[in-house]
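What follows is each chain in one-letter form.
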Amino acid sequence: MSIKKSATTSKSAKTAPATSLRLQDPHLERERERYENPLPSREYVLQVLEEAGAPLYAEDLARLLSITEEERAFFERRLGAMARDGQLMVNRKGALCIAEKIDLIPGRVQGHAEGFGFLVPDDGSDDLYLSSRELDKVMHGDRVLVRQAGFDRRGRREGRIVEVLERLTTRLVGRFMAEHGVYRVVAEDKRIAKDILVPPKEKGKAKPGQVVMVEITQQPDHKVQPLGRVVEILGNYDDPGMEIEIALRKHNLPYEFSAEAKAQAEATPKTVGKKDLKPVMGVKRVDLRDLPLVTIDGETARDFDDAVYAEKKGKGWRLVVAIADVSHYVQPGDALDVTSIERGNSVYFPRRVIPMLPEELSNGLCSLNPAVDRLCMVCDMQVSASGSIKKYKFYPAVMHSKARLTYTKVWDMLEEPKGKTAKEYKKVLPHIQDLYALYQAFAAARVVRGAIDFETTETEVRFDDKGKISQIVPVIRNPAHKLIEECMLAANVCAADFLITNKQTCLYRVHEGPNPERLEKLREYLRSCGLSLGGGEEPKAGDYATLLEEIKTRPDASLLQTMLLRSLQQAVYSPDNKGHFGLGYEAYTHFTSPIRRYPDLLVHRAIKSVLAGKKYRPAQKWEALGIQCSMTERRADEASRDVMNFLKCYFMQDKVGEVFEGSVSAVTGFGMFVLLDNLYVEGLVHVSELGNDYFHYDDLRHELKGERSGRIYKLTDRVKVKVARVALDTSKIDFVLVPEEKAKVVAPIAEAPAAVASAPESVSAAEPARRAPKTRSQRRRAAAVARKAAAAATPAPVNAANSGAQLAVAAAAQAKKASRSQPKAKAPVAPQPAAKPTDNTAAKPAANARKPAAAKPVAPTATPAKRARKPVAANANPAATPVPQPAPAGKPATKPATTKPTAPKTAKPVAPTPAVAKAPARGKAAPATVPTTAPAQKPAARRRGGPTASALTSAPGAPVAAPAPVVAPAPASTSRRKPAQTAALLQAPATEAAPAKPAARSRRKKPDQQG
């Protein structure tokens, strides 16, 4: 429809009665109840636009709906709100369009630390992926209109931002940084990946590293980075309490009361006066000051919402639950009501509370403190012996608490009725015992009802006198906790039933059952475990409870419980009653905590209206209130979790490198989270730390499985981890796995020095090689340990037997070193026996052996690799081995001559000679035999790969054993070192005799090339 045609339509509308179209609004009565001068409802505005069939200008739409000049500003405000909510869009010509008609999806941007993000649609449909390019235009939390542009490579819907409806990020908290004269603020909320640039004139007195609040002066665009100015300096990052200050601002928690709210709180009387006892909306206030009501809370609680009393009545009990009457002091629309809606609930941090109401009310006039009069709303119930509520009634009252008890004191009184605590509170002890008997009846009814009872662990941070974290302990729940919980549940159920019976709308606490997708995944997993969940397509809480009871004795009970818990949806506040699945109630609401929860305050107002014969209608829609209260609840949980994570990171700072045991608490595609035993600290084991394999995530089974190894990591698995990194700025802890096999490999190698002294003569040189580690780092460590073992040997002369044992160990060390250069074997090669020495070889030295020279420390010199020779053939006669003669007195012994070795895989020692198996010179082959012992000499410089020469010499006059060829084995290796480099590493020292030439050319591969 063109503009001209639209104007014609508007003129024709004037000919009809002025209010004819407005009177056709189907929601006119609802608008009249809310406003004195009602405007056309949103639904009707959309209907008129849709019937028009084309975009309309605001002026044309106003004329169609007969909007007067006095109403014009309010009407434009409504259109603007509809545009912000994504119902309307203004095109380039300024005309109003229905967003759905142009295939636009309204929603909220959810950023990611990696720079991309998602659109969370308002209609609850699947999220749309937003690339980093799209995120350059917006920030986390902004409301936008998006058009679907296709699908990404993972099959997810991908969107393109068409219009930014509302900029919600105007202030943020972060760390002030300065680099090369450029100032910027790095947001603490990692979902905001872009840094905020700060002009030099806008930085104030901020110093690099400090935590600041920055106000956005220019929002981002695809070509412009956001700009801001520092408006508040919070302090240094490690200042005490800084984690709470950051959490408050990061999650936009209101932490300061308005001047109007403070003034109203200060003007509120400190005590209950006579005028407060007057009838409430025509309903008389009952005097319960003589009833022995008591409060039961934790040791650190300061705001007391509820008091209880029970007495035996026939076979059942009378239960009185008195709740603080906050609605008497906080009236709809006043300053305290406005701030309560904004906060939604109190937020509890370690050592600090952000209350929903000022302390004058939360800890003072509204709190049911002992020995003072307080106003309250009462739920008076008659409970049967089986734990079912027969009847109830609500009424306003005034009470006088007789005692402020704690859970610990109550349980102590119940366990020891004649103990010290019981004597101190002997006046209320009988009523406490009646409460406990009533609780047992409620617990039995809970089982019959089929309520789900998951076992979870809450933690508490304890501090020392200096404000430092001393320990993190679990919160122990005794039956006194459950006693109060059952009393509160009973009052909440009665409140929901009372409002439903009287057809009064309110906010219910809704917990729906599993959706079809989650239910199907759960059933498939249970089938793989040989289990089943009853209830068909719509299981009840009792079906879950039955299965939980069935799996209690199974070893995987905790895993199954986690799977059951994750199949359920999150509880929310809603005016649509859909029951509470987890508790097994058809209707449930919150009535018992109006000091710290706004939904409870709304329920109190609704109950009072019903008692007065009226209907309660809040200023906002019930749907909007439910969304607001659900959001503030999640916001408080996230802020508390952030603070706890920071404190746990701070606690683990000095534990980097320590090893702990724990259980897998969560599994994702990028790794698994491990919860440490006794510390209750959770950290991430990244998928790259799980092993040298490709690990694939199974969403159904919540497990990671190795493609090659088949190794599986799943929920509740027991693992041992080492703390690798603690990052305070991101509140993250990284773990690495500590494999069991690692300890088994390292321990025997570490004991090598002892093995040198005690190894028997029959130890094969190939035995240690078979136990050699496989990885490169393990081989390096093994070689280093072997060198230390050789250096630790006693330099004094030893006998031939010990020399043989030492020779075997030295050969093993040389074999490990040689294995680093061997390629992986394709097939085993049969060992070739060494040639037996003849009488001639035993009587005279080899033809090419040099005369022994006086031994003195000489730096080893490398021989070019081109002089390397192939080993002698297996059937060739080895060169003669000289028989060493005792050196003249006062002269040092000379180094023995060596000959060239053969290359068998193993060698059987025959009467080992007490001499060292030296590493050959670079380019030389390993010696074939080892000469017999020479007299003691001055220790030579220790070379890499073996002990010193003097460590393996025998005493003068010791019996000389027959020479035996000892050849180092050639195990397989996966080393990347080239054969030529390996040959260079095995070069013989300069003081050794030159090896003999081979007797015959062999076509066998070199030792460092054998497979």
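Here, the structure is the one placed above.
What this report covers is the structure whose coordinates are included nearby. What you are looking at is a predicted structure, and each value in this text was computed from that prediction instead of being measured.

Conventions used here
Per-chain numbering applies: the sequence of each chain, read as written, is numbered from 1 onward. In view of the model being predicted, local features appear only for residues whose pLDDT reaches at least 70, and side-chain atom pairs are presented and counted only at 80 or more, with totals across whole chains, interfaces and linings using the full set of residues. Hydrogens are left out, water is left out, and the side-chain values use all remaining heavy atoms of the structure. The helix count covers DSSP runs of H or I at least four residues long, the strand count covers runs of E at least two residues long, and both are numbered beginning at the N terminus. Burial classes: relative accessible area under 20% of the type maximum marks a residue as buried, over 50% as exposed, and values in between as partly exposed (1.4 Å probe, protein chains only). Pairs of residues are marked as contacts when any of their non-hydrogen atoms sit within 4.5 Å. Method for areas: the Shrake-Rupley scheme with a 1.4 Å probe, in which residue coverage is limited to the protein chains shown. Between N-to-C directions, angles span 0 to 180 degrees; the directions come from axes that are lines fitted to C-alpha atoms, helices contributing only their stretch in contact. Note that the term roughly parallel is reserved for angles under 35 degrees, roughly antiparallel for angles over 145, roughly perpendicular for angles of 65 to 115, and oblique for everything else. Should the near helix be turned anticlockwise from the far one by less than a right angle, the crossing is termed left-handed; should it be turned clockwise, right-handed. Two N or O atoms form a polar contact when they lie within 3.5 Å of each other; inside protein one atom must be a possible hydrogen donor and the other a possible acceptor, and for residues adjacent in sequence the pair counts only when both atoms belong to side chains. Strands qualify as paired when DSSP identifies two bridges or more between them. We call a set of buried Ala, Val, Leu, Ile, Met, Phe, Trp, Tyr and Cys residues a nonpolar core when their side-chain atoms join them within 4.5 Å. Basically, the charged four are Asp, Glu, Lys and Arg, the nonpolar ten are Ala, Val, Leu, Ile, Met, Phe, Trp, Tyr, Cys and Pro, and anything else, Gly included, counts as polar. Just to be clear on terms, a salt bridge is a Lys or Arg side-chain nitrogen sitting within 4 Å of an Asp or Glu carboxyl oxygen. In this scheme Phe, Tyr and Trp rings, the latter by its six-membered ring, pair at centre separations within 6.5 Å, and the angle between planes marks the pair as stacked below 30 degrees, edge-to-face above 60, and tilted otherwise. Lysine NZ or arginine CZ positioned within 6 Å of the ring centre and within 35 degrees of the ring normal marks a charge as sitting over the ring. Positive residues here are Lys and Arg, negative ones are Asp and Glu, while His and the chain termini are left out of the count.

Bringing the overall build of the protein into the picture now. Along the backbone of the protein there are 27 helices and 33 strands. Within the protein, buried positions represent 47% of all 1011 residues. For the protein, the proportion of contacts with a sequence separation of at least 24, taken over those separated by at least 6, is 69%. A total accessible area of about 51,800 Å² is found for the protein, and carbon and sulfur atoms account for 52% of it.

Before going further, it helps to spend a moment on the packing of helix α8 (residues 242-250) against helix α20 (residues 622-652). At their nearest, the axes of α8 and α20 sit 9 Å apart, and the two run at 150 degrees to each other. With respect to α20, the element α8 is oriented roughly antiparallel. α8 and α20 meet at a crossing whose hand is right-handed. Of the residues in α20, those touching α8 at Glu243, Ile244, Ala247 and Lys250 are Ala639, Asp642, Val643, Phe646 and Leu647.

What follows concerns the side chain of Ser340. Summarising the element assignment, Ser340 is placed in helix α10 (residues 335-343). Judged by its relative accessible area of 0%, Ser340 falls in the buried class. Of the polar contacts made by the side chain of Ser340, one reaches the backbone oxygen of Leu336; its length is 2.7 Å. In this structure Ser340 touches Met356, Leu357 and Tyr598, once residues within four positions along its chain are discounted.

Bringing the sheet that holds strand β27 (residues 671-676) into the picture now. In space, the five strands of this closed barrel follow the order β26-β27-β28-β33-β32, with mixed pairing throughout. Taken pair by pair, the neighbouring strands of this sheet meet at an average axis angle of 50 degrees, ignoring direction. Pairing of strand β32 (residues 718-727) with strand β33 (residues 732-737) involves six bridges; the strand directions are antiparallel. Bridged to Ala727 within β33 is Lys732.

In this section: the nonpolar core. A general feature of soluble globular proteins is that nonpolar side chains tend to end up buried together. Judged by nonpolar contacts, the single largest core of 91 residues is most densely connected at Leu319 and Phe591. The element contributing the most residues to this core is helix α15 (residues 479-501), with 12 residues. Grouped together as the second largest cluster of nonpolar side chains are 67 residues, Leu234, Ile452, Leu647 and Phe660 included.

Another aspect to go through is unusual backbone geometry. With a phi angle near 70 degrees, Arg351 is a residue other than glycine that sits in the positive phi range. On the secondary structure map, Arg351 appears in the loop between β17 (347-349) and β18 (352-354). For Arg351, a relative accessible area of 55% gives the class exposed. Phi is positive for His702, which is not a glycine, with a value near 55 degrees. Among the structural elements, His702 can be located in the loop between β29 (695-698) and β30 (703-706).

Packing of helix α12 (residues 407-415) against helix α14 (residues 429-449) brings their axes to within 10 Å, and their N-to-C directions diverge by 90 degrees. Taken together, α12 and α14 sit at an angle that is classed as roughly perpendicular. Contact residues: Val410, Trp411, Met413 and Leu414 in α12; Leu429, Ile432, Gln433 and Tyr436 in α14. Tallied by class, the residues present in the contact of α12 with α14 amount to seven nonpolar, one polar and no charged.

Now for the sheet that holds strand β31 (residues 712-714). Pairing is antiparallel across the open sheet formed by three strands, whose spatial order is β29-β30-β31. Looking at which strands have only one partner, the edges of the open sheet turn out to be β29 and β31. Strand-to-strand twist of the sheet, defined as the mean angle between neighbouring strand axes without regard to direction, takes the value 20 degrees.

Moving on to the environment of Phe670. Mapped onto the secondary structure, Phe670 falls in the loop between β26 (659-668) and β27. Along the backbone, Phe670 and His696 are 26 residues apart, and their C-alpha atoms lie at a distance of 9.4 Å. When sequence neighbours within four positions are dropped, the list of residues in contact with Phe670 reads Leu684, Val685, His686 and Val687.

On to the pattern of salt bridges, then. Two side chains that carry opposite charge are able to pair once their charged atoms sit near each other. Evaluated as defined, the whole model comprises 40 salt bridges. Asp60 serves as the salt-bridge partner of Arg63, at 2.4 Å between the closest nitrogen and oxygen. Here Arg63 and its partner Asp60 are both found in helix α5 (residues 58-64), three residues apart, which amounts to about one turn of the helix. With a relative accessible area of 34%, Arg63 lands in the partly exposed category. What makes Asp60 buried here is its relative accessible area of 4%. Through salt bridges with shared partners, one network takes in Arg30, Glu31, Glu43 and Arg78.

Under the criterion given, the structure shown has 15 aromatic pairs. Considering the side-chain rings of Tyr544 and Phe581, the 5.4 Å spacing of their centres and the 90 degrees angle between planes classify their relative orientation as edge-to-face. With a gap of 37 residues between them, Tyr544 in helix α17 (residues 541-550) and Phe581 in the loop between β25 (572-574) and α19 (598-611) connect regions that are remote in the sequence. A single burial state applies to Tyr544 and to Phe581, both of which are buried. The interplanar angle of 10 degrees and the centroid separation of 5.7 Å between the aromatic rings of Tyr585 and Tyr588 together place this pair among those described as stacked. Taken individually, Tyr585 and Tyr588 each receive the classification buried, so the pair is uniform in this respect. Within the aromatic cluster, the residues linked to one another by ring pairs are Tyr392, Phe394, Phe498 and Phe591. The positively charged end of Lys203 is found above the aromatic ring belonging to Tyr183, 5.4 Å away from the centroid. The lysine or arginine in question, Arg509, covers the ring of Tyr573, its NZ or CZ lying 4.6 Å from the ring centre.

With that settled, the discussion passes to the environment of Met281. Mapped onto the elements of the fold, Met281 is located in the loop between α9 (259-267) and β13 (286-288). Look at Met281 and you get partly exposed, because its relative accessible area is 42%. Once the C-alpha coordinates of Met281 and Lys608 are considered, the two residues, 327 residues apart in sequence, prove to be 7.6 Å apart. In contact with Met281, other than residues within four places in its own chain, are Lys608, Ser609, Ala612 and Lys614.

Bridge count between strand β3 (residues 105-111) and strand β6 (residues 143-151): four bridges; the pairing is antiparallel. Note on β6: the bridge partner recorded for Ile105 is Val146. Pairing between β6 and strand β7 (residues 157-166): eight bridges, direction antiparallel. From the neighbouring strand, Gln148 faces β7, where its bridge partner is Gly159.

Topologically, Arg343 is positioned in helix α10. Despite its burial, Arg343 pairs with no opposite charge; the closest candidate is Glu342, at 6.0 Å N-O. Within the structure, Arg343 has its side chain in polar contact with the backbone oxygen of Glu256 (distance 3.4 Å). Look past the residues within four positions of Arg343 in its chain and what remains in contact with it is Pro254, Tyr255, Glu256, Phe257, Ile354, Pro355, Met356, Thr632 and Arg635.

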